[in-house]
Amino acid sequence: MDPDLVSLLAVADQLLGSLSTSVVLAAAGLLLHLAPAGSELVRHATYTLVQLLNRDYFTSYVVLNVIDELSALDATTFARYVGDFLPRISEPVYIVQSKTRILCRLIAEETVEDVLAALQPFTVHPSADVVVMLVKTLLVVSQKNPASSRLCLRVFTQLLDLRREDVAIARACLMGADRLLHVLDDAAKREALVWMMKLVLEGARTPLYDGLLRLLLHHCATVLPQAEEACRQVLKQYAETDKSTRLALLLLLVKLHDMDPANATVAKMAQYVQELNSRDIDVDVRVQERNVRVVGVEGLSDA
């Protein structure tokens, strides 16, 4: 190694003990970028950065941004400090979000239980952004440790029940459930789908219809009669639905018709939605309807 570089790294290592946060951040950044990977200098720099998280919230936020960038390049650098990035419910939202984002990169199979325990209190957090981030983190947890998928799915269904009045949280829960339903057997999957359909449709929560329809689009094979009834209820409120709901409704009806061509009710609903979508003010909805018509789904034109 160049002697000048060795001298520079030695000075930077000494400056890690400075009382100035700016100096410590500059020195740590220098060491992490120039020192040999896995060296004692790198370990000292990462340890010092993690210790800065305990100074105050402003310092923590700045340090977390630095660590966020560094962990995106190489997550293993901070892997040993997973426990220091477990968020606390008393912390400000911006700190929780930063820690959670970093945590998603550092989670390993052996740390899953600790992460789940730390995240449990956030199910009742007043900030929707924090709860949505929780859902995304649990999806990462389930990927790192498939054995926890059932637990994460149960959290999503409970959250949907408790926080369904918050559209952002409910949509995130439906998305999370969509990703994890494959771990269940048919009977358990049917029970979970029927429960979620009941929660969404009972209150006529039209902003959630698109998430429910996309969920059924992927998993309707186990709940064909219930999926048909869900489409019927959504169709009753067609005028109040948004673009994404209209797109998903036609796709689901086409799929249901493809799975059961003899079902005249589904064929008529699909034909009716096609007709409505062909006159929609949104160009994407009209284009989708035209594509379905061009493909020529057998039986719809004769329903």
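Everything below is about the structure shown above.
These remarks concern the structure in this document. Bear in mind the structure is a predicted one, so any value in this text is a computation, not a measurement.

Two elements in contact, helix α12 (residues 224-236) and helix α13 (residues 243-259), have axes whose closest approach is 11 Å; the angle formed by their N-to-C orientations is 145 degrees. Regarding α12 and α13, the two cross each other, and that crossing is left-handed. Residues L224, A227, E228, C231, V234 and L235 of α12 lie in contact with α13, whose contacting residues are T245, L249, L252, L253, L256 and M259. Partitioning the contact of α12 with α13 into residue classes produces 10 nonpolar, 1 polar and 1 charged.

Looking now at the packing of helix α9 (residues 167-180) against helix α11 (residues 209-219). Remark: α9 packs on α11, axes separated minimally by 9 Å, with the N-to-C direction vectors making an angle of 5 degrees. With respect to their mutual orientation, α9 and α11 come out roughly parallel. The residues of α11 that touch α9, namely those facing R171, L174, A177 and D178, are D210, G211, L212, R214, L215, H218 and H219. Split by residue class, the contact of α9 with α11 holds 4 nonpolar, 3 polar and 4 charged.

Turning to the state of the cysteines, a few remarks are in order. Per the counting criterion, the structure on display carries 0 disulfides. Between C104, a cysteine without a disulfide, and C152, which holds the nearest cysteine sulfur, the sulfur-to-sulfur distance is 11 Å. Looking at C231, it has no disulfide partner, and the nearest cysteine sulfur is the one in C220, 8.5 Å off.

The residue T46 is located in helix α3 (residues 40-52) in this model. With sequence-adjacent residues up to four places away left out, T46 is seen in contact with L32, T77, F78 and Y81.

A full pass over the atoms with the stated rule returns 1 aromatic pair. The side chain of R246 reaches across the aromatic face of Y238, ending 4.7 Å from its centre.

Membership of the largest hydrophobic core comes to 97 residues, with the highest contact counts inside it found for L49, F85, M196, L216 and L249. The biggest single contributor to this core is helix α7 (residues 128-144), with 10 residues. The contacts of L49, once residues within four sequence positions are left out, are L25, A28, L32, V63, I67, L70 and F78.

Quick look at the pattern of salt bridges now. Counted according to the given criterion, the structure contains 15 salt bridges. In this structure, D242 engages R171 in a salt bridge whose closest nitrogen and oxygen atoms are separated by 3.7 Å. Of this pair, D242 sits in the loop between α12 and α13 while R171 is found in helix α9, placing the two residues 71 residues apart along the sequence. By relative accessible area, which is 34% here, R171 ends up partly exposed.

Turning our eyes to something else, we now look at helix α6 (residues 112-119). Taken together, the buried positions of α6 are V112, V115, L116, A118 and L119. Within α6, the buried residues cover an arc of 165 degrees as seen down the axis, which keeps them to one side. Opposite the buried face of α6, at more than 90 degrees from it, the exposed residues are E113 and D114. On its buried face, α6 is in contact with α5 (93-106), α7 and α8 (149-162).

Cut-offs used in this document
Residues numbered from 1 in each chain as written. Predicted model: local features only at pLDDT ≥ 70, side-chain atom pairs only at ≥ 80, totals over all residues. Heavy atoms only, no water. Axes fitted to C-alpha atoms, helices over the stretch in contact; angles between N-to-C directions. Helix = DSSP H or I, 4+ residues; strand = E, 2+ residues; numbered from the N terminus. Left-handed = near helix turned anticlockwise from the far one by under 90°. Contact = heavy atoms within 4.5 Å. Nonpolar A, V, L, I, M, F, W, Y, C, P; charged D, E, K, R; others polar. Parallel < 35°, antiparallel > 145°, perpendicular 65-115°, else oblique. Disulfide = S-S within 2.5 Å. Phe/Tyr/Trp six-rings, centres within 6.5 Å; stacked < 30°, edge-to-face > 60°. Lys NZ or Arg CZ within 6 Å of the ring centre and 35° of its normal. Core = buried A, V, L, I, M, F, W, Y, C linked by side-chain atoms within 4.5 Å. Buried < 20%, exposed > 50% of the residue type's maximum accessible area, 1.4 Å probe, protein only. Salt bridge = Lys/Arg side-chain N within 4 Å of Asp/Glu carboxyl O. Arc of directions from axis to C-beta.

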